[in-house]
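Fold and geometry: a report
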Amino acid sequence: MATHSNIAFFIPHMGCKNSCSFCNQNSISGKTTAITISEIRSSCLSVYKTMSLDQKRTAQIAFFGGSFTAINRNLMIKYLDCVQDFIGYDGFFGIRISTRPDAIDEEILEILKAKSVNAIELGAQSMDDFVLEKNLRGHTAKQTEKASKLIKNYGIELGLQMMVGLPLQDEKSVIDTSVKIASLKPQTVRIYPVVVLKNTLLEKWYNSGEFKPFDLNSSVDLCSRLLEYFNLHNINVIRLGLHAQKSMEDDIVCGAYHPAFRELCENKIYLRKMTKLFDGKNPGSYKIFVNSLELSKAIGHKRSNLKKLKSDGYNVVIVCDEKCDKGILRLGL
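So, here is what we can say about the structure in this document. (Residues numbered from 1 in each chain as written. Predicted model: local features only at pLDDT ≥ 70, side-chain atom pairs only at ≥ 80, totals over all residues. Heavy atoms only, no water.)

1. Considerations on unusual backbone geometry
- Phi is positive for Ser116, close to 75°, though the residue is something other than glycine.
- With respect to the helices, strands and loops of the structure, Ser116 is situated in the loop between α5 (106-114) and β4 (117-125).
- Of note in the backbone geometry, Lys185 takes a positive phi value of approximately 55° without being a glycine.
- Structurally, Lys185 is set in the loop between α8 (171-183) and β6 (188-193).
- Under the relative-accessibility criterion, Lys185 is labelled exposed at 57%. (Helix = DSSP H or I, 4+ residues; strand = E, 2+ residues; numbered from the N terminus. Buried < 20%, exposed > 50% of the residue type's maximum accessible area, 1.4 Å probe, protein only.)

Printed below as a string of structure tokens:
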């Protein structure tokens, strides 16, 4: 089966009634002006011509950024209408949008359902009202719960987005948010560790000493545990870390950014598994057998896992073994 993909269009800061503490949409999306109908249709046609039928059937046209359902209603409908020709039996699978929890109601869902929208991602960010208020989100956790239930009632795929390391967020708040998100049974989750960007309120708070973001190592440790938790609950984490792009990297002040953030988290999961194998074992030379598809995760970014184990006294060689199921490790001498 072809890998799922998005034909993504960004609607920069349109529909957002306020500016959240962390937000610099120009940096995040790389866009400063609204995309036009002709640009959308031209891009869709170009991609349509290059994809096989199987690829098109697993691809979605996606409208991200700017709270799609909060923009001018007529413009929203025009955006949706202009791509309908590309959706159907011999076209793309449907439409995915992202929006705010307080910009979803039954009227909007009726429109979206009729216009081929089959996945909605909500920017929940936190399920802690104190965190939401501090960071000027303009909605509550209850509104996220209500919108999530409405979306699922309409038979539309639910995605939830959360952030890690916002002001007033400690580890407990982050974990509580993940538990509450899992209880809403979304099909997908995106996890974004906080990065302080230029020209944001976070930058002001950071420069004044009011806010100190999680560092990279602590963010990797926490986010790797979130990844394990959502995997355990059969919730697909479709994004872990901000998408690497120069427009954003040039504006980063500080925070938990790494272009291979997900890889670091997956490496961390494997390091914990390997460390557990050595409980009660004497230092020495060992082999660890893994599925070949997960060899790089076991070795770690720039061989970091092997280096850490060696520093603990365990000289490890990773060996591929197709008898090992994915995620399962076996220790040998």
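Having seen it, we continue.
2. A look at the pattern of salt bridges
- Using the criterion set out here, one finds 18 salt bridges in the structure.
- Across the pair Arg262 and Glu266 runs a salt bridge whose closest N-O atoms are separated by 3.2 Å. Here Glu266 and Arg262 lie together in helix α12 (residues 261-277), a separation of four residues that amounts to about one turn.
- Residue Arg262 is classed as partly exposed on the basis of its relative accessible area of 27%.
- Between Lys308 and Asp312 there is a salt bridge; the shortest N-O distance is 2.8 Å.
- Overall, the relative accessible area of 38% leaves Lys308 in the partly exposed class.
- Among the charged side chains, a salt-bridge network with shared partners connects Glu171, Asp221, Arg225, Glu228 and Arg272. (Salt bridge = Lys/Arg side-chain N within 4 Å of Asp/Glu carboxyl O.)

3. Focus on the layout of surface pockets
- Taken as a whole, the second largest pocket spans an internal volume of roughly 320 Å³.
- Considering the residues around the second largest pocket, the lining is formed by 15 residues, among which Leu227, Asn231, Ile269, Glu294 and Lys297 are closest to the centre.
- If you list the elements that add at least two residues to the lining of the second largest pocket, you get α10 (216-232), β8 (236-240) and α12.
- Element by element, the count of residues in the lining of the second largest pocket is highest for α12, at five residues.
- In terms of residue class, the lining of the second largest pocket is built from five nonpolar, three polar and seven charged. (1 Å grid on protein atoms, 1.4 Å probe; cavity = no way out; pocket = protein on both sides within 12 Å on 5 of 7 lines; lining within 4 Å. Points joined across faces, edges and corners; volume = space filled by probe spheres on them. Nonpolar A, V, L, I, M, F, W, Y, C, P; charged D, E, K, R; others polar.)

4. What to know about the nonpolar core
- Ile61, Phe63, Ile120, Ile191 and Phe230 are the most contacted members of the largest nonpolar core, which has 62 residues in total.
- Element by element, the count of residues in this core is highest for α10, at six residues.
- Ignoring anything within four residues of it in the chain, the contact list for Ile191 reads Met162, Val164, Cys223, Leu226, Phe230, Val237, Arg239, Leu240 and Gly241.
- Cys20, Leu166, Tyr192 and Cys254 belong to the second largest nonpolar core, which has 18 residues in total. (Core = buried A, V, L, I, M, F, W, Y, C linked by side-chain atoms within 4.5 Å. Contact = heavy atoms within 4.5 Å.)

5. Structural notes on the environment of Ile71
- Mapped onto the fold, Ile71 is located in the loop between β2 (59-64) and α4 (73-81).
- Spatially, the C-alpha atoms of Ile71 and Ala103 are 9.5 Å apart, while their sequence positions differ by 32 residues.

6. Details of the sheet that holds strand β3 (residues 94-99)
- Taken together, the seven strands give an open sheet; going across it, the order is β1-β2-β3-β4-β5-β6-β8, and neighbouring strands pair in parallel fashion. Either end of the sheet is taken by a strand with one partner, and the two such strands are β1 (5-10) and β8. Going from strand to strand, the sheet's axes swing by 20° on average, the running direction of each strand aside.
- Here six bridges tie β1 to β2, and the two strands are oriented parallel to one another. (Pairing = 2+ DSSP bridges. Axes fitted to C-alpha atoms, helices over the stretch in contact; angles between N-to-C directions.)

7. Focus: helix α9 (residues 201-208)
- Along α9, the positions that sit buried rather than exposed are Leu202, Glu203 and Trp205. Down the axis, α9 shows its buried residues gathered within 165° of arc, on one side only. Of the exposed residues in α9, those oriented more than 90 degrees away from the buried face are Lys204, Asn207 and Ser208.
- Those residues of α9 hidden inside the fold are in contact with α6 (129-134), β7 (195-197) and β9 (252-255).
- Just beyond α9, the residue with positive phi is Gly209, at close to 85°. (Arc of directions from axis to C-beta.)

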